[in-house]
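Spelled out from the first residue to the last, the chains are:
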Amino acid sequence: MEKENPTKRSRLSYLLEGIIYVVLIVFCVYVVPNYIIQRTVVSGDSMQDTLQNGESLLVDKLSYRFVDPKRYDIIIFYPKGREVDEYYVKRIYGLPGETIQIKENDIFINGEKIDDPYAKDGMTQLGIAEEPYTLGDDEYFVLGDHRSVSVDSRYLPSMMEEGPGPVKFKNIAGKVILRIWPLSKFGKP
């Protein structure tokens, strides 16, 4: 009687191993960047001095499924809805249901002045926030740190300078968690 070689593998074990590799590749190539974490590149100057044009970022696309966005989070969102493959990067100032108003360069939430440690420069236009503006139950008010060049929630899509207006939660792609390039600035933005 002939003994079976213990190093000899069956066709089934090769097939199962191949299936595992295919599943891992699909997970890494499709699931991770679409639903968990994504690399993106800053395009434009609206977030200076915090973020510079050309810097690479990692965006957490999962955590907002479990926790709500917070004031001062830097987010990536789709200003024209997820159907249009264009995104902006801005900082959250106003949360759902809050009333926001900008007087000169001061930001007021529900009538109280809040800290604004991230502004690079002053605002030349106050847009919809010149008067008290109340956000909807699923809306966020975002501003760029470089206010004089930022197209943000101050501008409604129907205004002369087309903007995103308040950002609906469904259009938030994720939270910026890490700057990965250039290496000299590696870390949390």
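Just so we're clear, the structure is a prediction, and the values are computed from it rather than from any experiment. (Residues numbered from 1 in each chain as written. Predicted model: local features only at pLDDT ≥ 70, side-chain atom pairs only at ≥ 80, totals over all residues. Heavy atoms only, no water.)

A. Expanded view of a nonpolar patch on the surface. Among the surface-exposed residues, Leu12, Leu15, Leu16, Ile19 and Val23 lie close enough to one another that they form a single nonpolar patch of about 480 Å² accessible area. Residue placement: Leu15 occurs in helix α1 (residues 11–36). (Patch = residues over 30% accessible without salt bridge, like charges linked within 9 Å, V, L, I, M, F, W, Y side chains within 5 Å. Areas by Shrake-Rupley, 256 points an atom, 1.4 Å probe, with all protein chains shown as cover. Salt bridge = Lys/Arg side-chain N within 4 Å of Asp/Glu carboxyl O. Helix = DSSP H or I, 4+ residues; strand = E, 2+ residues; numbered from the N terminus.)

B. Highlighting the nonpolar core. Core analysis: the largest hydrophobic core is formed by 13 residues, its most contacted members being Tyr93, Ile100, Ile102, Ile107 and Phe141. Among the elements of the structure, β5 (99–103), β6 (106–109) and β9 (139–143) are those that each provide at least two residues to this core. Judged by nonpolar contacts, the second largest core, of 11 residues, contains Val59, Ile74, Val89 and Ala173. (Core = buried A, V, L, I, M, F, W, Y, C linked by side-chain atoms within 4.5 Å. Buried < 20%, exposed > 50% of the residue type's maximum accessible area, 1.4 Å probe, protein only.)

C. Local environment of the packing of aromatic side chains. In total, this model carries 4 aromatic pairs according to the counting rule given. Ring centres of Tyr72 and Tyr118 lie 5.5 Å apart, and the angle between their planes is 55°; on these two criteria the pair is classed as tilted. Taken as a pair, Tyr72 in the loop between β2 (56–60) and β3 (74–77) and Tyr118 in the loop between β7 (112–113) and β8 (133–134) lie far apart in primary sequence, 46 residues in all. Given the relative accessible area of 23%, Tyr72 is considered partly exposed. Taking relative accessible area as the criterion, Tyr118 reaches 32% and is therefore assigned partly exposed. Seen from their ring centres, Tyr140 and Phe169 are 6.5 Å apart, and the 45° between their planes marks the pair as tilted. Of the two residues, Tyr140 is situated in strand β9 and Phe169 in the loop between β10 (167–168) and β11 (172–181); the sequence distance between them amounts to 29 residues. (Phe/Tyr/Trp six-rings, centres within 6.5 Å; stacked < 30°, edge-to-face > 60°.)

D. Quick peek at the pairing of β11. Both β2 and β11 contribute to a ladder of 5 bridges, which runs antiparallel. The residue of β11 that forms the bridge with Ser56 is Trp181. Across 3 bridges, the pairing between β3 and β11 is antiparallel. Looking at the pairing, Ile75 lines up with Lys175 of β11. (Pairing = 2+ DSSP bridges.)

E. Broad picture of the sheet that holds β6. Pairing in this open sheet of 4 strands is antiparallel, and the strands run β7-β6-β5-β8 from one edge to the other. Each having just a single partner strand, β7 and β8 make up the two edges of the open sheet. Pairing between β5 and β8: 2 bridges, direction antiparallel. Bridging from a neighbouring strand, Ile100 pairs with Tyr133 of β8.

F. Fine view of the environment of Pro117. Tracing the backbone shows Pro117 in the loop between β7 and β8. Note on Pro117: relative accessible area 57%, which makes it exposed.

G. Examining the pairing of β5 more closely. Where β5 and β6 come together, 4 bridges link them in antiparallel fashion. Looking at β6, one finds that Gln101 is bridged to Phe108. Hairpin geometry of β5 and β6 is characterised by an intervening segment of 2 residues between the two adjacent antiparallel strands and by a positive phi of about 55° at Glu104.

H. Highlighting the pattern of salt bridges. Going through the model one piece at a time under the given rule, you end up with 12 salt bridges. Its salt-bridge partner being Lys80, residue Glu86 comes within 3.2 Å of it at the nearest N-O pair. Given a relative accessible area of 27%, Glu86 falls into the partly exposed group. The shortest N-O distance in the salt bridge between Asp138 and Lys168 comes to 3.8 Å.

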